[in-house]
Amino acid sequence: MVTRECDMRCGICWSFGLPPAQSVPVAQKLEMIDIVHADGVRKVIFTGGEPLLEAALPELLRHAKSKGLETWLFTNCMHMRERQAEILPHIDRISISLDGSTARRNRKAHGKGQFERVLDTLAMLRTAEPEFAGVVQVLTVVTRKNKRDLKRIGKLLREQKQGLRFRWKLNFYLPIGRFNRRYQLEYRKFRQWADRTEARFPDIKVYVSPPVHDRAYLFIMPDGAMYTTEGAKYVCLGNIFERSSYEVEALHEIEVNMTKKGRLKRGLPEDGLG
Ligand code: SF4
């Protein structure tokens with residue numbers, strides 16, 4: 001989480017359950033990358049808040065690439081147009097949130113203008129080679145509000161994905177951080193909607209999230225505090241700069257859950273992060 005700042009207040013956001021965190025200087029953020037790399041991490045997701053609000057993001061991405069790390073960017077796309085030139089050459093995958101088939105429907109989950117920015121970003125990515133030739137993921141959190149819109153979102157994405165290495169991720173709404181009954185959909189129903197959508201769009205790579213993400217993520221906050229999730233709660237594991245503050249075994253457990261082998265063993269999709 002390169003920053004906690006965000007210019008949106010989406011109802012489905014996970015980050016509200018985390019305490020505020022002061023950002024450390026860029027040198028220490030670079031050091032975080034060194035630490036995770038030395039600990040054997042091979043893939044880092046740059047997220048937030050909105051990561052494009054972090055001025056030093058290109059430097060962080062460049063540093064991660066220089067270490068041989070695979071870099072993913074999760075963004076709401078609001079600042080992609082201005083920052084694309086300095087960002088795109090350093091990322092392997094981009095994940096974009098989209099939760100409605102029109103600007104009005106998408107506003108039920110996100111802020112005003114985000115739908116247009118997503119389409120603008122997808123248009124830009126379609127012509128971004130050679131700077132960017134990575135995977136483009138559109139992430140849709142399936143909720144009570146947008147489940148009937150999935151068919152229209154799929155039709156929209158069918159047009160938008162042309163020329164892209166594309167996948168569509170359907171995420172189960174987990175009330176992590178704060179609970180919002182208006183979005184809640186029980187997993188059985190989520191699965192029915194997701195399976196129906198997958199069958200309806202055989203020409204789109206659709207990935208469906210599992211019902212639990214317990215200890216399958218390691219979030220590193222802008223101040224170095226590390227969190228994972230258990231059920232709908234965040235659990236603090238210590239601070240990355242203080243080795244004595246955390247149990248290495250706890251990190252190892254997450255590492256297993258994050259690897260393809262570990263995830264398959266737990267019945268999770270092999271690369272289901274995000
Ligand atoms: S754009 Fe992302 S980080 Fe910002 S409020 Fe929405 S879900 Fe949360």
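Small disclaimer: the values here were computed from a predicted structure and weren't measured.

**Q** How do you make sense of the overall build of the protein when you look at a structure like this?
**A** Helices and strands together make up the secondary structure of the protein, namely 9 helices and 9 strands. Taken over the C-alpha trace, the protein has a radius of gyration of 18 Å; the compact-globule value for 274 residues is 19 Å, and the two agree within 12%. With respect to the principal axes defined by its C-alpha atoms, the protein has extents near 50 × 40 × 35 Å. When burial is assessed residue by residue, the protein has 37% of its 274 residues classed as buried. If you take every contact in the protein between residues at least 6 apart in sequence, the share linking residues at least 24 apart comes to 71%.

**Q** Quick question: what am I supposed to make of the packing of helix α3 (residues 80–87) against helix α5 (residues 114–126) here?
**A** Helix-helix packing is described using two parameters, namely the angle between the two axes and the distance between the axes. Running from N to C, α3 and α5 point in directions that differ by 35°, and their axes come no closer than 11 Å. At the point where α3 passes α5, the crossing takes the right-handed sense. Side by side, α3 and α5 meet where M80, R81 and Q84 of the first sit next to R117, D120, T121 and M124 of the second.

**Q** So what exactly am I meant to see when it comes to the packing of helix α1 (residues 26–38) against helix α2 (residues 57–66) here?
**A** At their nearest, the axes of α1 and α2 sit 10 Å apart, and the two run at 30° to each other. By the angle between their axes, α1 is roughly parallel relative to α2. Every pair of crossing elements has a handedness; the one defined by α1 and α2 is right-handed. Residues V26, K29, L30 and I33 of α1 form the contact with α2, whose participating residues are E59, L60, H63 and A64. Its residues assigned to classes, the contact of α1 with α2 comprises 5 nonpolar, 1 polar and 2 charged.

**Q** How should the site of the ligand be read in this particular structure?
**A** Neighbouring the ligand are C6, M8, R9, C10, C13, S15, G48, G49, E50 and N76. Per-class residue counts for the shell around the ligand are 4 nonpolar, 4 polar and 2 charged.

**Q** I would appreciate a short explanation of the sheet that holds strand β9 (residues 233–239) in the present structure.
**A** Think of a sheet as strands paired side by side through backbone hydrogen bonds, with each pair either parallel or antiparallel. One open sheet accounts for 3 strands, arranged β7-β8-β9; its pairing is antiparallel. The sheet is open, and its two edges are formed by β7 (219–220) and β9, each paired on a single side. Of the strand pairs in this sheet, strand β8 (residues 225–230) and β9 are connected by 6 bridges, and their pairing is antiparallel. Bridge pairing links A225 to N239 in β9.

**Q** Help me understand unusual backbone geometry, please; the structure alone is not making it clear to me.
**A** Across residues other than glycine, the phi torsion is negative in most instances, and most of the peptide bonds are trans. Residue G49 is bonded to the preceding G48 through a cis peptide linkage, with omega at 25°. Relative to the helices and strands, G49 is located in the loop between β1 (43–46) and α2. Cis geometry marks the peptide bond from E129 to P130, where omega comes out at 5°. With respect to the element layout, P130 can be found in the loop between α5 and β4 (135–142). The phi angle at C77 is positive, at roughly 75°, despite the residue not being glycine. Its location among the elements puts C77 in the loop between β2 (70–75) and α3. Residue classification places C77 among the buried residues on the basis of 24 C-beta atoms within 10 Å. One non-glycine residue, R215, adopts positive backbone phi at about 50°. Within the secondary structure, R215 is located in the loop between β6 (206–208) and β7. On the neighbour-count criterion, R215 (19 C-beta atoms within 10 Å) is partly exposed.

What counts as what
- Counting restarts for each chain, with residues numbered from 1 along the sequence as it is written.
- Selection of residues for local features in this predicted model requires a pLDDT of at least 70, selection of side-chain atom pairs for listing and counting requires 80 or more, and totals for whole chains, interfaces and linings are taken over all residues.
- Secondary structure elements are taken from DSSP: a helix is a run of H or I of four residues or more, a strand is a run of E of two residues or more, and numbering for both begins at the N terminus.
- Here the globule rule is a power law, 2.2 Å times the number of residues to the power 0.38, and the radius of gyration is based on C-alpha atoms.
- Burial in this document is a count-based property: other C-beta atoms within 10 Å of a residue's C-beta are tallied, and the residue is buried at 20 or more, exposed at 12 or fewer, or partly exposed in between, with C-beta positions derived from the backbone.
- We call two residues in contact when their backbone-placed C-beta atoms lie within 7 Å.
- Here an angle of 0 to 180 degrees is reported between the N-to-C directions of two axes, which are lines fitted to C-alpha atoms, with helices fitted over the stretch in contact.
- Crossing chirality is assigned from the near helix's rotation relative to the far helix, an anticlockwise turn below a right angle marking it left-handed and a clockwise turn marking it right-handed.
- Any angle that falls under 35 degrees is termed roughly parallel, while one over 145 is termed roughly antiparallel, one within 65 to 115 roughly perpendicular, and all others oblique.
- Polarity classes work like this: nonpolar for Ala, Val, Leu, Ile, Met, Phe, Trp, Tyr, Cys and Pro, charged for Asp, Glu, Lys and Arg, and polar for all others, with Gly in that last group.
- For each residue, a C-beta position is placed from the backbone atoms; the residue is near a molecule or strand when that point lies within 6 Å of it.
- Following DSSP output, two strands are said to pair if at least two bridges run between them.

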